[in-house]
Amino acid sequence: MTFFEYSHKFVIRRPSVSQPKFVFVSGGVISGLGKGITTASLSAILEAKGYKVSPMKVDMYLNQDAGTIRPSEHGEVYVTEDGLESDQDLGNYERFIGRPLSRANYMTTGQVYTEVLRKERAFEYEGEDVEAIPHVTDEIIRRFDKAGEGADVVIVELGGTVGEYQNGIFFEAARLMKLHRPADIIHVHVAFLPIPGNLGEMKTKPVQQSVRLLNSMGIQPEFVVGRSSQAMDDKRKERISLFCGIPKEAVISNPDVGSIYEIPLLLEEQRLGDMVCEKLGLKNRKSKLEPWMKMVDHITKSTKEVNIGVVGKYFGTGAYTLSDVYISVIESLKHAGWSEGVKPVLHWIDSTALEQIQTDGAGKFLDGHDGIVVPGGFGSRGIEGIIEAIRYAREKKIPYLGLCYGMQLATIELARYVAHLDQAHTTEVMTDSPNPIIHVMPEQEKKMLKKEYGGTMRLGAWPCVLTKGTKLHEAYGADQIIERHRHRYEFNNAYRDVLQKAGLIIAGTTPDGQLVEAIELRDHPFFIGVQYHPEFLSTPLKPHPLFAAFIRAAIKQIR
Ligand code: GLN
């Protein structure tokens, strides 16, 4: 048997229908390097060259999706238009390319094994013994190809760092792809260059070792992106070039910068996009990055500060503050701020701390804020603190934006303190509340009784009809919108009348009028709650109209 026949038998059984190009982005030395931003930035550059890019994230855990992982563990759960609960990196990709992605852009070990085991039970392997290679790698490659349908280039971010036991199979699948389509596949390795305090000098050895580790898996990267606090000088580039066998110009410097949106420009300056095109045999067109340049320029010029309090429970992790859980909300506030010519200064307010204090003490935490945001959340921890913050925003007439749980808790606050339904609650927290203002959707209840938790919430894009004459309608300038959802509970229609009498305005519903999707308050400069997550639709080049309206209201508060 020839080598080709051998490898063909064991490796690729199904030829790809379309033949897009592939860029695999791996990471080394430490995690949390910004492989996602590198992937997103390169995607933006190639899109600016007129190529259709499909960025894809591969996660090594056995969960089917990110929906069942604790946010403090994994960061934000980003919801795609087609309702997948995915990794937050998909959010970065969408923000950088300005186009919705789908389920095909996200793969976990869990998805891969589930499919392989399903096929085995269905006798689809026709009596073969089912093995990691080729069956699992085949399934991985099938998913890579799926992400490439209709695209010119797929950029696959391999989760984790090189050398981890758990992600090796994905590297192997990438190696196999290159074996069969050498001209169509390249590897970019993103690795960290430390500057130890006692030496004060940037060290390249960890990068060299990381590339060696990649080599030991049969992969030679075409590019190395060096992440560091400072820019890499010529000497370091030469060392990496020499020891890693990469041309010096293919060693790219990616230092810390003020805003992640500067990175496409930084990589473009070093001709990464041009060189990637050359390597992949793609026609090197000029990158039309002018809108990015303008946007980045705008960021630097927006210096007037607007202070926004973000109230949530997921900020604390040991001695550190973790804001990753709210990354899309944070980015949306920044996009909107910059577009309105201001610099949003965000203050993390831990709702569990807010809960500890007496009612009249909320001001200690909230005074001086020009706007208050309550993002999505689950469960009971910290919610009395959030309700206090909402009460403060309502009574002091501070612009308020409630997202998902932030809308639900705002209606509870109104029910308790204006409509005097003292025990008003959500059945998520108080199952036997005499005033279940927020209750579980009937089809959701059935799923929960059967313990069908994964991927079963009301997810993805749904239409919403806006009520004319509301601030929400004015913000969007549209009668109907489509926004993304992720929730099990909803506004209880039995309380529409009583809460409307207390000052509630139903600002948006499903087209059949059955589900309340948005609320606002009468006699308040800006108090809006939405059942959906507008933060999943904001991009730096196209800030979301609702966030922009909120920021404009907050600007009016600046004294
Ligand atoms: N916990 C609430 C629900 O499930 C809100 C969810 C959210 O904020 N994403 O309905």
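Structure: above.
Residues numbered from 1 in each chain as written. Predicted model: local features only at pLDDT ≥ 70, side-chain atom pairs only at ≥ 80, totals over all residues. Heavy atoms only, no water.

Novice: How should I be thinking about the site of the ligand in this particular structure?
Specialist: Near the ligand, the surroundings consist of Gly 376, Gly 377, Phe 378, Cys 404, Tyr 405, Gln 408, Glu 428, Arg 486, His 487, Arg 488, Tyr 489 and His 533. Measuring from an oxygen atom of the ligand, one finds a backbone N or O atom of Tyr 405 at 3.0 Å. Arg 486 is positioned such that a nitrogen or oxygen atom in its backbone is 2.9 Å from a nitrogen atom of the ligand. Taken by itself the ligand offers 290 Å² of open surface, and the protein chains cover 99% of this. (Near = heavy atom within 4 Å. Polar contact = N/O pair within 3.5 Å; in protein donor to acceptor, adjacent residues only side chain to side chain. Areas by Shrake-Rupley, 256 points an atom, 1.4 Å probe, with all protein chains shown as cover.)

Novice: What exactly am I supposed to notice about the environment of Tyr 261 here?
Specialist: With respect to the element layout, Tyr 261 can be found in the loop between β9 (251–255) and α10 (263–269). Given the relative accessible area of 0%, Tyr 261 is considered buried. In sequence terms Tyr 261 and His 74 are 187 residues apart; their C-alpha atoms lie 23 Å from each other. Contacts of Tyr 261, omitting those with residues within four sequence positions, involve Arg 95, Phe 96, Trp 292, Met 295, Val 296, Ile 299, Glu 331, His 335, Trp 338 and Pro 540. At 2.7 Å, the side chain of Tyr 261 forms a polar contact with the side chain of Glu 331. (Helix = DSSP H or I, 4+ residues; strand = E, 2+ residues; numbered from the N terminus. Buried < 20%, exposed > 50% of the residue type's maximum accessible area, 1.4 Å probe, protein only. Contact = heavy atoms within 4.5 Å.)

Novice: Please clarify how the sheet that holds strand β20 (residues 489–491) should be interpreted in this entry.
Specialist: For sheets, the rule is that strands pair by backbone hydrogen bonds, running either parallel or antiparallel. Pairing within the open sheet is mixed, and its three strands lie in the order β16-β17-β20. On the outer flanks of this sheet lie β16 (424–426) and β20, each paired with one strand and no other. Going across the sheet, the axis of each strand differs from the next one's by a mean of 30°, ignoring polarity. Where strand β17 (residues 435–440) and β20 come together, three bridges link them in antiparallel fashion. Bridging across to β20, His 439 finds its partner in Glu 490. The sheet strands contacting helix α17 (residues 405–417) are β16, β17 and β20, and the helix crosses β16 at an angle near 165°. (Pairing = 2+ DSSP bridges. Axes fitted to C-alpha atoms, helices over the stretch in contact; angles between N-to-C directions.)

Novice: Explanation requested: the pattern of salt bridges in the structure shown.
Specialist: Oppositely charged side chains can pair when the atoms bearing their charge come close. Tallied over the full model, the rule gives 39 salt bridges. With its nearest N and O atoms 3.3 Å apart, the salt bridge here joins Asp 59 to Lys 57. Exposure remark for Asp 59: the relative accessible area of 7% places this residue in the buried category. Its relative accessible area of 6% is what places Lys 57 among the buried residues. Of the charged contacts in the structure, one is a salt bridge between Glu 124 and Arg 118, with a shortest N-O distance of 3.1 Å. Taking relative accessible area as the criterion, Arg 118 reaches 39% and is therefore assigned partly exposed. (Salt bridge = Lys/Arg side-chain N within 4 Å of Asp/Glu carboxyl O.)

Novice: I would appreciate a short explanation of the nonpolar core in the present structure.
Specialist: Generally speaking, a soluble globular protein has its nonpolar side chains buried in company with each other. Val 23 and Val 276 are the most contacted members of the largest nonpolar core, which totals 62 residues. Residue contributions to this core peak at seven residues, all from helix α2 (residues 35–48). Excluding its chain neighbours within four sequence positions, the residues that come into contact with Val 276 are Val 23, Leu 42, Leu 46, Ile 186 and Phe 223. The next biggest cluster of nonpolar side chains, apart from the first, holds 40 residues, and it includes Leu 354, Ile 372, Ala 415 and Phe 527. (Core = buried A, V, L, I, M, F, W, Y, C linked by side-chain atoms within 4.5 Å.)

Novice: Where do I start with the pairing of strand β14 (residues 371–374) in this structure?
Specialist: The side chains of a regular strand alternate between both faces of the sheet. Because side chains alternate across β14, one face comprises the buried residues Gly 371 and Val 373, and the other comprises Ile 372 and Val 374, equally buried. When strand β10 (residues 305–312) meets β14, the two strands line up parallel, connected through three bridges. In the strand pairing of β14, Val 310 is matched with Val 373. Across three bridges, β14 lies against strand β15 (residues 400–403) in parallel orientation. Note on β15: the bridge partner recorded for Val 373 is Leu 401. Where the polypeptide runs from β14 across helix α16 (residues 383–395) and back to β15, its parallel neighbour, the crossover connection is right-handed. (Right-handed = clockwise from strand over helix to strand, strands pointing away.)

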